[in-house]
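Here are the chains, one letter per residue:
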Amino acid sequence: MHPHDAKEADEVALAEIAALARDAKVVAVGETGLDYHYDNSTPEAQKRALAAHREIARDLDKPLVLHIREAHADALAILDDAPALPRGGVVHCFTGTPAEAEQWLARGYLLSFSGIATFPQAEALRDAARLCPADRLLLETDAPYLAPVPVRGRKNEPANVAFTCAHLAGVRREDPAALAVQAGANARAFFRLPAPPAREANPPPPRPRRARRLTPGAIAGTFPVPAAPRSSLIPT
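Residues numbered from 1 in each chain as written. Predicted model: local features only at pLDDT ≥ 70, side-chain atom pairs only at ≥ 80, totals over all residues. Heavy atoms only, no water.

Caption draft 1: Local environment of helix H3 (residues 72-80). His72, Ala75, Leu76, Ile78 and Leu79 are the residues of H3 that are buried. Axial view of H3: buried residues confined to an arc of 160°, hence all on one face. The inward-facing, buried residues of H3 contact strand S1 (29-35), helix H2 (43-60), strand S2 (64-69) and helix H4 (98-106). (Buried < 20%, exposed > 50% of the residue type's maximum accessible area, 1.4 Å probe, protein only. Helix = DSSP H or I, 4+ residues; strand = E, 2+ residues; numbered from the N terminus. Arc of directions from axis to C-beta. Contact = heavy atoms within 4.5 Å.)

As structure tokens, this is what we get:
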């Protein structure tokens, strides 16, 4: 349950969350956490909900997905108040400082970076990304929000994660393709997702397709493939 809705986290709601999370298709518990930027739920209600989700994750042997905004110290204190979770967790859409990043990393958590890392004023966040070990870094979009530069201000979509990946690769002085592969492997390991199907060494040629007449209506219904991020987007 999102921290904004923590005031609704009574015994009935938490029991329903635990029951739903037992499904094998559910790979993690959350997002839960603390958000002190807004006051949709009181800090006390958020803390109680986070502690309850922590124990659901422990009971089900699943990782925790955290939403933490302007509340890292309190969140760490709640998690430190109990034995470490066997499957750990990830701080989704991480927006903390390098010092806060180090505290999460010291506890074995992963950090997930969104399009915010591409925003001009997010230098502290990029510093956090620089110090994150390669095997503890995830990439995300948080779509439909937080579209990265150069599509900032538009509705976000999964394909835009390529811009965030390219930008952070430049920040970390890494190859974008290598960072993409590493982040994907991290996500599969963390969430225990199946490996992608292996590509055939010699795939059969595509079957010929019947030519289709492009009418104005058909053209209007097609969508262009997003261009790959240009190297100029990568900081030097």
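Caption draft 2: Quick peek at the pairing of strand S4 (residues 110-113). Here S4 shows a buried face lined by Leu110 and Ser112 and a second buried face lined by Leu111 and Phe113. Sheet topology note: the strand S3 (residues 89-91)/S4 ladder contains two bridges and is parallel. What sits directly across from valine 90, in S4, is leucine 110. The parallel pair S3 and S4, bridged by H4, forms a crossover whose chirality is right-handed. Looking at chain direction, S4 and strand S5 (residues 137-139) are connected through three bridges and run parallel. Bridging from a neighbouring strand, serine 112 pairs with leucine 138 of S5. For the segment spanning S4, helix H5 (residues 123-131) and S5, crossover handedness is right-handed. (Pairing = 2+ DSSP bridges. Right-handed = clockwise from strand over helix to strand, strands pointing away.)

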